[in-house]
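Descriptive analysis of the structure
Given next are the chains, with one letter for each unit.
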Amino acid sequence: MSERGLLFILSGPSGVGKGTVRKALFESEGTELKYSVSMTTRQKRQGEQEGVDYFFRTREEFEEKIAAGEMLEYAEYVGNYYGTPLDYVNKTLDEGYDVFLEIEVLGAMKVKEKVPEGIFIFLTPPDLAELKSRIVNRGTDEMAVIDKRMSVAREEIEMMSHYDYAVVNDQVDKAVERIKHIIESEHCRVDRVVERYKNMLKEL
Ligand code: 5GP
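Residues numbered from 1 in each chain as written. Predicted model: local features only at pLDDT ≥ 70, side-chain atom pairs only at ≥ 80, totals over all residues. Heavy atoms only, no water.

**Some points on the UniProt feature "binding site: ATP" (unreviewed entry) in the protein**
Condition: UniProt positions are given in the numbering used here, feature names are shortened, and annotations may be inferred rather than shown by experiment. Grid points spaced at 1 Å and placed over the protein atoms alone form the basis of the search, with a cavity being a set where a 1.4 Å probe fits but cannot get out and a pocket an open set showing protein on both sides within 12 Å along at least five of seven lines. Lining residues have an atom within 4 Å of a point. In this description a helix means any DSSP run of H or I spanning at least four residues, a strand means any run of E spanning at least two, and both kinds are numbered starting from the N terminus. The buried label applies to any residue whose accessible area, calculated with a 1.4 Å probe on protein chains only, is under 20% of its type's maximum; exposed applies above 50%, and partly exposed to all values in between. Distance and chemistry together define a polar contact, namely a pair of N or O atoms within 3.5 Å, with one atom able to donate a hydrogen and the other to accept it when in protein, and with adjacent residues in sequence counting only for side-chain atoms on both sides.
Here, UniProt's "binding site: ATP" (unreviewed entry) annotation points to Gly12, Pro13, Ser14, Gly15, Val16, Gly17, Lys18 and Gly19. Of the residues named above, Pro13, Ser14, Gly15, Val16, Gly17, Lys18 and Gly19 line the largest pocket. Locating Gly15 in the fold gives a position in the loop between β1 (7-11) and α1 (18-27). The class for Gly15 is buried, based on a relative accessible area of 15%. Take Lys18: it is sitting in helix α1. Taking relative accessible area as the criterion, Lys18 reaches 13% and is therefore assigned buried. Here the side chain of Lys18 touches Pro13 through a polar contact of 3.4 Å, landing on its backbone oxygen.

The structure is reproduced here in structure tokens:
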């Protein structure tokens, strides 16, 4: 049987660009990661596809999944449920593939409780000023909304200490490279490879 894959969790404050970095990572060369498609109750946006971007479900359907214990984690974010279906993650890790989650911070902390051996990557804005300009540049929001988002972001940045790695998202391609280096390094950890070498010795 192949060795179990590793579970990577990319998270970070609202507006930092998690989705963009995740998409660029999966579009880049040499990635053998498997993306765990999340489930959500939010409306499908233009261009989004069922089963590719999300599994779009009603609140009722989502709550049934929660009750049946079929979610690894879930959180409510801006009035909608978002969550990670458990079955895909387990099955894919068992097949020996690395699995990649891109989720908000509350969900990430729930994963940490359940899967402490996961590798937790916190995506950070270069600084708060830039985070603010990114949020403002999205358009439409009132200053009060922006200020609220900023205070949430400040709290979330304090959460960084619960993570294994902090990756600065100064440029998307640089952030992607940093994540790839983390993935490669994690596979080189002695505690992950030593059993394989010990077994080789036994077979000599
Ligand atoms: P959006 O609606 O813009 O696609 O996503 C909103 C937020 O939900 C993003 O921060 C994204 O990372 C997060 N998110 C996406 N999927 C999941 C999930 O399965 N679980 C949790 N907890 N958050 C998720």
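Still to come is the rest of the account.
**Describing the domain arrangement of the protein**
Put simply, the rule reads: Segmentation into domains, and thus their bounds, comes from an automatic or database assignment. Between two residues, a contact is recorded if the distance between any of their heavy atoms is within 4.5 Å. Computed with a 1.4 Å rolling probe, the buried area is the accessible surface lost when two parts are put together, summed over both parts.
Considered domain by domain, the protein is made up of domain 1 (1-33 + 98-203) and domain 2 (37-97). Taking the mean C-alpha position of each, domain 1 and domain 2 sit 18 Å from one another. In this assembly, 21 residues from domain 1 lie in contact with 16 residues from domain 2. Interface area, domain 1 with domain 2, both sides summed: about 1500 Å², of which 56% is carbon and sulfur. Broken down residue by residue, the surface that domain 1 buries against domain 2 is led by Arg4, Val99 and Lys110, which jointly contribute 31%.

**Observations concerning the pattern of salt bridges**
Quick reminder of the rule: Salt-bridge detection follows one rule: a side-chain nitrogen of Lys or Arg within 4 Å of a carboxyl oxygen of Asp or Glu.
Summed over the entire model, instances satisfying the criterion amount to ten salt bridges. Salt-bridge contacts for Glu76 lead to Arg59; the nearest nitrogen and oxygen are separated by 3.0 Å. Note that Glu76 is positioned in strand β5 (residues 71-77) and Arg59 in helix α2 (residues 59-67), a separation of 17 residues in sequence. Judged by relative accessible area, which is 34%, Arg59 ranks as partly exposed. Between Arg192 and Glu186 there is a salt bridge whose closest N-O contact spans 2.5 Å. By relative accessible area, Arg192 is classed as partly exposed at 26%. For Glu186, a relative accessible area of 4% translates into the label buried.

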